[in-house]
Amino acid sequence: MNDQRSAAEPAAAAVAVPEAVTALEGAGPSWADRRAALAPIALVVAGGLSVQFGSAVAALLMPKAGALGVVTLRLAAAALILLVICRPKLRGHSRADWGTVLAFGVAMGGMNTLFYLALDRIPLGIAVTLEVLGPLALSVFASRRLINVLWAGLALVGVVLLGGGGFDRLDPVGAAFALAAGAMWAAYIVFSARTGRRFPQADGLALAMVVAAVLSLPLGIIESGAKLTVPSTVALGAAVAVLSSVLPYTLELMALRRLPAPTFAVMMSLEPAIAAGAGFLILDQALSTTDALAIALVIGASIGAVRSRSGAAPRREA
């Protein structure tokens, strides 16, 4: 789902003068300049659409393969694709390097497993809204600014509205899975930054994806067994892997070469809205007015927290 989006974010901190910003400076930019400025933004939006519509396809696949089976298919297919593309080197890495990539893989596998377990019980848009609280909490704790405590409070108001006064309306187990997935997403962000510093290009990501796939394999086999070998199910699982992992990571990695990290993070805060749209169009999951307001509050809190943090320092570190 959202695993490759955050992995590329720390790399943007090294960009001194993003082309997207430079192109917007000066009077009377040409059409070519405007197109160059909008291109990375379009890539990020395309990546977000790919992730959330991939999650919607995964929800359609769950009746055939189960939540854990879908996770196994997605991670295994994504691992194979990334191994072929990246061809990571196995030699020349220290014990600390392997420890970091192992932790990254565990966080990735836990994030995906918990999210799909949530998706099996609650609507896509609400699941992503609850999940995004993990990165929001990480941003608040990392900034240590009072204003971000207020943003966190606004997000909590949104969560209370989603619960309608009690999470039994949502299925409390599904909500708990989504919140736990958010915690794993925060861990994923931390270890993705460390992995990016220790491994060249996307080698660390490919190796961590293998770890996540290996960890998920027993769970998928126990739940789904022979269902994982049905050709149509395997094909849909591969489609989910491409839509939710391989394609968005590639698009956003290209975009981050020309976008500052704060801009990228703000755009990631719009994921719940994209997820709600995908849930409505593909899964026929309509949201109530209260749910839509709650999602808007969480999005606003996320954008506010990111902008507050970026205003405290010229560049985000991780």
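Now for a description of the structure that goes with this document. Remember, predicted model here, so these are calculated numbers, not experimental data. (Residues numbered from 1 in each chain as written. Predicted model: local features only at pLDDT ≥ 70, side-chain atom pairs only at ≥ 80, totals over all residues. Heavy atoms only, no water.)

1. Looking at the overall build of the protein
Moving on, step 1. Scanning the protein for helices and strands turns up 13 helices and zero strands.
Moving on, step 2. In the protein, the order of α-helices and β-strands from amino to carboxyl end is α-α-α-α-α-α-α-α-α-α-α-α-α.
Moving on, step 3. For the protein, with 318 residues in total, the buried portion stands at 51%.
Moving on, step 4. Within the protein, contacts between residues separated by at least 24 positions form 88% of all contacts whose residues are at least 6 apart in sequence. (Helix = DSSP H or I, 4+ residues; strand = E, 2+ residues; numbered from the N terminus. Buried < 20%, exposed > 50% of the residue type's maximum accessible area, 1.4 Å probe, protein only. Contact = heavy atoms within 4.5 Å.)

2. Section: a nonpolar patch on the surface
Moving on, step 1. A contiguous nonpolar surface patch, about 310 Å² in accessible area, is contributed by L38, I41, V45 and L49.
Moving on, step 2. Examined against the element boundaries, I41 turns out to sit in helix α3 (residues 31–86).
Moving on, step 3. Given the relative accessible area of 32%, I41 is considered partly exposed. (Patch = residues over 30% accessible without salt bridge, like charges linked within 9 Å, V, L, I, M, F, W, Y side chains within 5 Å. Areas by Shrake-Rupley, 256 points an atom, 1.4 Å probe, with all protein chains shown as cover. Salt bridge = Lys/Arg side-chain N within 4 Å of Asp/Glu carboxyl O.)

3. Thoughts on the packing of helix α5 (residues 124–131) against helix α8 (residues 172–198)
Moving on, step 1. Interaxial distance between α5 and α8 falls to 7 Å at its minimum, and their mutual angle equals 45°. Taken together, the axes of α5 and α8 are oblique relative to one another. The two elements α5 and α8 meet at a crossing, and its hand is right-handed. Touching A127, L130 and E131 of α5 are A175, A178, L179, A181, G182 and W185, all from α8.
Moving on, step 2. Per-class residue counts for the contact of α5 with α8 are seven nonpolar, one polar and one charged. (Axes fitted to C-alpha atoms, helices over the stretch in contact; angles between N-to-C directions. Parallel < 35°, antiparallel > 145°, perpendicular 65-115°, else oblique. Left-handed = near helix turned anticlockwise from the far one by under 90°. Nonpolar A, V, L, I, M, F, W, Y, C, P; charged D, E, K, R; others polar.)

4. Some thoughts on the nonpolar core
Moving on, step 1. Core analysis: the biggest nonpolar cluster contains 65 residues, and Y116 and Y188 have the highest contact counts within it.
Moving on, step 2. The greatest single-element share of this core, amounting to 17 residues, is contributed by α3. (Core = buried A, V, L, I, M, F, W, Y, C linked by side-chain atoms within 4.5 Å.)

5. Considerations on the side chain of D97
Moving on, step 1. With respect to the helices and strands, D97 occurs in helix α4 (residues 95–119).
Moving on, step 2. For D97, the contacting residues outside a window of four places in its chain are R198 and F199.

6. Here we look at the pattern of salt bridges
Moving on, step 1. Applying the stated criterion across every chain yields a total of two salt bridges.
Moving on, step 2. For R198, the salt bridge identified is with D97, shortest N-O distance 2.7 Å. Here R198 is found in helix α8, whereas its partner D97 is found in helix α4, with 101 residues between them in sequence.
Moving on, step 3. For R121, the salt bridge is made with D171, and the minimal N-O distance between the two is 3.3 Å. Separated by 50 residues along the polypeptide, R121 in the loop between α4 and α5 and D171 in the loop between α7 (146–163) and α8 bring together distant segments of the chain.

7. A word on the packing of aromatic side chains
Moving on, step 1. All chains considered together, the criterion is met by three aromatic pairs.
Moving on, step 2. When the centroid spacing of 6.4 Å and the interplanar angle of 70° are considered together, the rings of W98 and F199 count as edge-to-face. Of the two residues, W98 sits in helix α4 while F199 sits in the loop between α8 and α9 (203–224), which places them 101 residues apart along the sequence. (Phe/Tyr/Trp six-rings, centres within 6.5 Å; stacked < 30°, edge-to-face > 60°.)

8. Focus: α5
Moving on, step 1. α5 sits mainly inside the fold: eight of its eight residues count as buried.
Moving on, step 2. Residues L124, G125, I126, A127, V128, T129, L130 and E131 constitute the buried set of α5.

9. Re the environment of L154
Moving on, step 1. If you trace the backbone, L154 turns up in helix α7.
Moving on, step 2. On the basis of relative accessibility, which here comes to 28%, the residue L154 falls in the partly exposed class.
Moving on, step 3. With residues near it in sequence (within four places) discarded, L154 still touches L297 and A301.

10. Let's talk about the packing of α5 against helix α12 (residues 271–283)
Moving on, step 1. Interaxial distance between α5 and α12 falls to 7 Å at its minimum, and their mutual angle equals 165°. With respect to each other, α5 and α12 are oriented roughly antiparallel. For α5 against α12, the interelement crossing comes out right-handed. Two secondary-structure elements touch here, α5 through L124, G125, V128 and T129 and α12 through E271, P272, A275, A276, A278 and G279.
Moving on, step 2. Residues that form the contact of α5 with α12 fall into these classes: six nonpolar, three polar and one charged.

11. Looking at α4
A turn of α-helix holds 3.6 residues, and therefore any two residues three or four places apart point the same way.
Moving on, step 1. If you check α4, its first and last C-alpha atoms are 36 Å apart, about what 25 residues at 1.5 Å a residue would give, namely 36 Å.
Moving on, step 2. Among the 25 residues that make up α4, 18 are buried, leaving the element largely enclosed by the rest of the structure. (Expected span 1.5 Å × (residues − 1).)

Read these as spatial facts, not as claims about activity.
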